[in-house]
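Chains, contacts and geometry: an overview
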Amino acid sequence: MSNDFSGNKRRVLIVGSGAAGLSAAKAARAQDPEAEITLFGAEDRLPYYRLRLCEYIGKSADPGELEVSNREWFEKNRIRVELSSKVEAIDTEAKTIGVNGKTYGYDSLVLTTGSTPIMPPFKGKELSGVHTIWTWKDIVEINKGLQGARRAVVIGGGLLGLEAAYKISELGINVSLIEGMPRLLPKQLDEEGSALLKDKVQSLGISVICGISVEGFEGDQNGHVRKVNMADGTSLDADIVIVSVGVAPNVAVCQNTGISMNRFLLVNEKMETSVRDVYAAGDVASLNGRWFGQWAVASKQGQVAGTNAAGGNAIYEITDVPYVLATMGTRVVCAGDTGSAQPDGSESAYVIDQKIDKEQFAYSKLVFRNGLFVGYILIGEPAKASNKIQSLLNTGISAEEIKHKLYG
């Protein structure tokens, strides 16, 4: 795709074509109808809904079905898209970037380089049949590996790991799910919620192993994975392995650019980095020490970054964005202070209302602190009310009122 730009117009370069990058491009165009906007994507396809990738496990489909905006939209909005274009260098003094041997100048630069799946230093990680899930190409390779497979092992009990395990099990393949932490979703759920979710997963025929780490893999004479070895000396047979243990921000290209960073690029509420005219948003950015790793947050941050890069004055307001998991034939939603820890020791200040139905795999937990509704966990049927409940966080609503809205 190509668009011809000319004249003395603001040049906005956006590095990364995920949720934050696309949102930044849209916002920049809305802010400055005349700006020259170029979006660089490392992958060979237009921005797509990465959250829906697991839906295509075991299915053949046109990746175009996942596109957020088609080619015509970019042309209509005069946004140049450079695909298969991984940025190799950034010079913040000269205000240029290097891509595929070419140099591009900018007035404003938006870094939305996203993140990459972590592959721990497992012995045998290079064996064929060992995969991560992050791109459309990953799904294509996984689907090849699932052909003829009888046993699969998924390492990591987060959102992607759970969804992958479920989709693979639906193909009639025996699946084991390994979570190195003592329970599923330990950062999101309390012990009761984790136990209920584990029961739900196992009710689908998926074996769940928690609290034991993986040491490595063994392969056959062809270099294909056949076993997963555990730290306790046991092993699991496997024809395919999916590793989903978290992500690392793509910050390598930002080293030695003068941009302040730790593990992430540090930004303020305008999504400005420490370098003038350079912004960052999404998985690569940390705001006031907080990182979210959520599509909705990345989109909002991208909108703020793109607006400001094009001359606006937008502010990103941190809000309690709920964690949502919709898979395994159930739904998990949680947000705010779930009462799992009382850092100041004032346990008595908490009032917790819990209801659990183990047969229906349903659980609700409402948390009140000093009379204020501050957080919740909903699993199964109660999760249908999550949108209504979310809007009531920190509003001063009484415990009785909110219980009436949830339970009727």
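Cut-offs used in this document
Residues numbered from 1 in each chain as written. Predicted model: local features only at pLDDT ≥ 70, side-chain atom pairs only at ≥ 80, totals over all residues. Heavy atoms only, no water. Disulfide = S-S within 2.5 Å. Buried < 20%, exposed > 50% of the residue type's maximum accessible area, 1.4 Å probe, protein only. Helix = DSSP H or I, 4+ residues; strand = E, 2+ residues; numbered from the N terminus. Arc of directions from axis to C-beta. Contact = heavy atoms within 4.5 Å. Pairing = 2+ DSSP bridges. Axes fitted to C-alpha atoms, helices over the stretch in contact; angles between N-to-C directions.

Quick look at the state of the cysteines now. For the structure on display, the rule yields zero disulfides. The cysteine Cys 334 is free of any disulfide, with Cys 210 supplying the nearest cysteine sulfur at 16 Å. Accessibility expressed as a relative area gives 5% for Cys 334, which makes it buried.

A few words now on helix α3 (residues 136-146). For an α-helix the count is 3.6 residues per turn, leaving residues at separations of three or four pointing the same way. Of all the positions in α3, only Trp 136, Asp 138, Ile 139, Ile 142, Asn 143 and Leu 146 are classed as buried. Considered in projection along α3, the buried side chains sweep an arc of 150 degrees and stay on one side of the axis. Looking at α3, the residues exposed on the side facing more than 90 degrees away from the buried face are Lys 137 and Lys 144. Looking at the buried residues of α3, the elements they touch are β9 (130-132), α4 (159-169) and β16 (240-243). Immediately beyond the C-terminal end of α3, within one or two residues, lies Gly 148, with a positive phi of roughly 85 degrees.

Another point: the sheet that holds strand β15 (residues 235-237). The three strands lie next to each other as β13-β14-β15, forming an open sheet whose pairing is antiparallel. Only two strands of the sheet have a single partner each, and these edge strands are β13 (214-219) and β15. With direction set aside, neighbouring strand axes in the sheet form an average angle of 25 degrees. In this sheet, strand β14 (residues 225-230) lies alongside β13 in antiparallel orientation, the contact comprising five bridges. Considered in β14, the bridge of Phe 217 is made with Val 228.

Taken in spatial order, the five strands make up an open sheet running β3-β2-β1-β7-β19, and their pairing is parallel. With partners counted over all chains shown, the strands left at the sheet margins are β3 (79-82) and β19 (278-280), one partner each. Neighbour-to-neighbour, the strand axes of this sheet turn through a mean angle of 20 degrees, independent of strand direction.

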